[in-house]
Amino acid sequence: MSPLDVPESSVFQGGLIESEIEPMNELTIKRPDDWHLHLRDGDMMRAVLPYTAELYGRAIIMPNLKPPVKTVKDVEAYRQRILDCLPSSHGFQPLMTLYLTDDTPQEEIQTANKEGLLAAVKLYPVGATTHSEHGVTNLKKVYRVLEIMQKLDIPLSIHGEISDPGVDIFDRESVFIERELDPVRNDFPELKIFLENVSSKTGVVYLLSAESGLGATITPHHLLINRNNIFTGGLNPHMYCLPVAKREVDRQSIRKAATSGDPRFFFGSDSAPHRQVDKEKAGGAAGIFNMPTALPDIVQVFETEEALDNLEAFMSLNGARFYEFPTNPDTITLEKTAASVPVIEYISADGDRVSVFQSRVPLFWQVVRGLRRIA
Ligand code: DOR
Ligand code: ZN
């Protein structure tokens, strides 16, 4: 049996599996990074940014604002707004991305590259997810841009779902891989590509078959929920994100990949805050705000999988290696508490509440050293 084959008996029970090995009560790892984050702007950004900046060294900032961050000028201005939200001693570095459109000129990429401004360029297939209406309609239209990115060694970060409404929503990742990602990888063999928020066993298997140049971020929620959770106790909009959570077999594959230590998989929270009023309605927004619980959730997953030894690789080493950044110089220390730690249900932001992702498994790990008090 391959390590990604899932035995029938391992269906998610929603509880913790007792570890039979000697328990570990304290863990020190290099300061982690978040390789996929939605910070938004204005009041919302002011409310959510501290949850990232107090803990993480760096984060890849998604450009799907309204209007999108699609020019060098937009990127510079957005970066400055983020920095203006932080105290001067913060020690947090936002890593910026540009929103790719059908009309992005090659020159925009060259200018951004000269200024050392871009960590990646983000591809949203048009209509695939939140604020993707300016996304790419046909990958062939951006081939000239991909050529220059390949030449300049600027990575392409991909929302890997086909937006063809005729494709079943649960198959959109695998169809995207077959119809779009694989051809692009063949046409641009030197282009570094990130498949963001990998959510299916097909995606994981595809990643594992790639010899080089392909990495993937994994979110806490895709490690913890399957598609049943969207409907448990009635329709729950707070479990709705894109790519949508899939079958249990997919969740198990992602867990194995994340906890394996394989350098192609690393943490990207995809923390995506929306006001409750925008989630709890017909046509509610896709996106899960998980930043306050992301790290304790992940540690709990690694402990359950008896893989705490690989936690640092997933949270702090693999992504930096893939992006060719140094690892953070400092560390954080986590401690396992005797009683489970309380989890906040929501934060106040932008004149409303923003629900915090609840994994519904008790969380026992908390950071005891290495937090930066920045709020
Ligand atoms: O669930 C999601 N929310 N997936 C995305 O790709 C975008 C994000 C958002 O911006 O809210
Ligand atoms: Zn995202």
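Model, not experiment: these values are computed from the prediction.

A. Unusual backbone geometry, seen in detail. Geometrically, the link from Lys66 to Pro67 is a cis peptide bond, its omega value of -5° lying close to zero. Within the element layout of this structure, Pro67 appears in the loop between β3 (58-61) and α2 (72-84). A cis amide bond, omega -5°, links Leu242 with the succeeding residue Pro243. You can see Pro243 is positioned in the loop between α7 (220-224) and α8 (248-259). We note that Asp270 has phi near 50°; this positive angle belongs to a residue other than glycine.

B. Seen up close, the environment of Ser271. Mapped onto the secondary structure, Ser271 falls in the loop between β9 (265-267) and α9 (276-279). On the basis of relative accessibility, which here comes to 1%, the residue Ser271 falls in the buried class. Through-space distance from the C-alpha of Ser271 to that of Leu317 is 20 Å; in sequence the pair is 46 residues apart. A distance of 3.3 Å separates a polar side-chain atom of Ser271 from the backbone nitrogen of Met291.

C. Looking closely at the pattern of salt bridges. Under the counting rule described, the total for this entry stands at 14 salt bridges. Among the ionic pairs, Arg46 bridges to Asp43, the shortest N-O distance being 2.9 Å. In this pair, Arg46 and Asp43 are both assigned in helix α1 (residues 42-53), three residues apart and thus about one turn of the helix distant. For Asp43, a relative accessible area of 43% gives the class partly exposed.

D. Seen up close, the sheet that holds strand β13 (residues 365-369). Read across the open sheet, the three strands follow the order β1-β10-β13; overall the sheet is antiparallel. In the strand order of this sheet, the two ends are held by β1 (26-30) and β13, each with one partner. The mean angle between the axes of side-by-side strands here comes to 35°, regardless of whether they run parallel or antiparallel. Set on the sheet, helix α10 (residues 294-304) makes contact with β1, β10 (331-336) and β13; between it and β13 the angle comes to about 115°. Sheet contacts for helix α11 (residues 311-323): β1 and β10; angle to β1, the most-contacted strand, approximately 25°.

E. Quick peek at the coordination of the zinc ion (ligand 2). Within the protein, the zinc ion (ligand 2) binds to His36 (NE2), His38 (NE2) and Asp270 (OD); these donor distances fall in the range 2.0 to 2.1 Å. Mapping the donors of the zinc ion (ligand 2) onto the primary sequence yields the spacing H-x1-H-x231-D. Here His36, found in strand β2 (residues 34-37), pairs with Asp270, found in the loop between β9 and α9; they are 234 residues apart in sequence, far enough to count as distant. By relative accessible area, His36 is classed as buried at 2%.

Cut-offs and rules
- Residues numbered from 1 in each chain as written.
- Chains lettered and ligands numbered in written order.
- Predicted model: local features only at pLDDT ≥ 70, side-chain atom pairs only at ≥ 80, totals over all residues.
- Heavy atoms only, no water.
- Helix = DSSP H or I, 4+ residues; strand = E, 2+ residues; numbered from the N terminus.
- Buried < 20%, exposed > 50% of the residue type's maximum accessible area, 1.4 Å probe, protein only.
- Polar contact = N/O pair within 3.5 Å; in protein donor to acceptor, adjacent residues only side chain to side chain.
- Salt bridge = Lys/Arg side-chain N within 4 Å of Asp/Glu carboxyl O.
- Pairing = 2+ DSSP bridges.
- Axes fitted to C-alpha atoms, helices over the stretch in contact; angles between N-to-C directions.
- Contact = heavy atoms within 4.5 Å.
- Donors = N, O, S within 2.8 Å, 3.2 Å for Na, K, Ca; no water.

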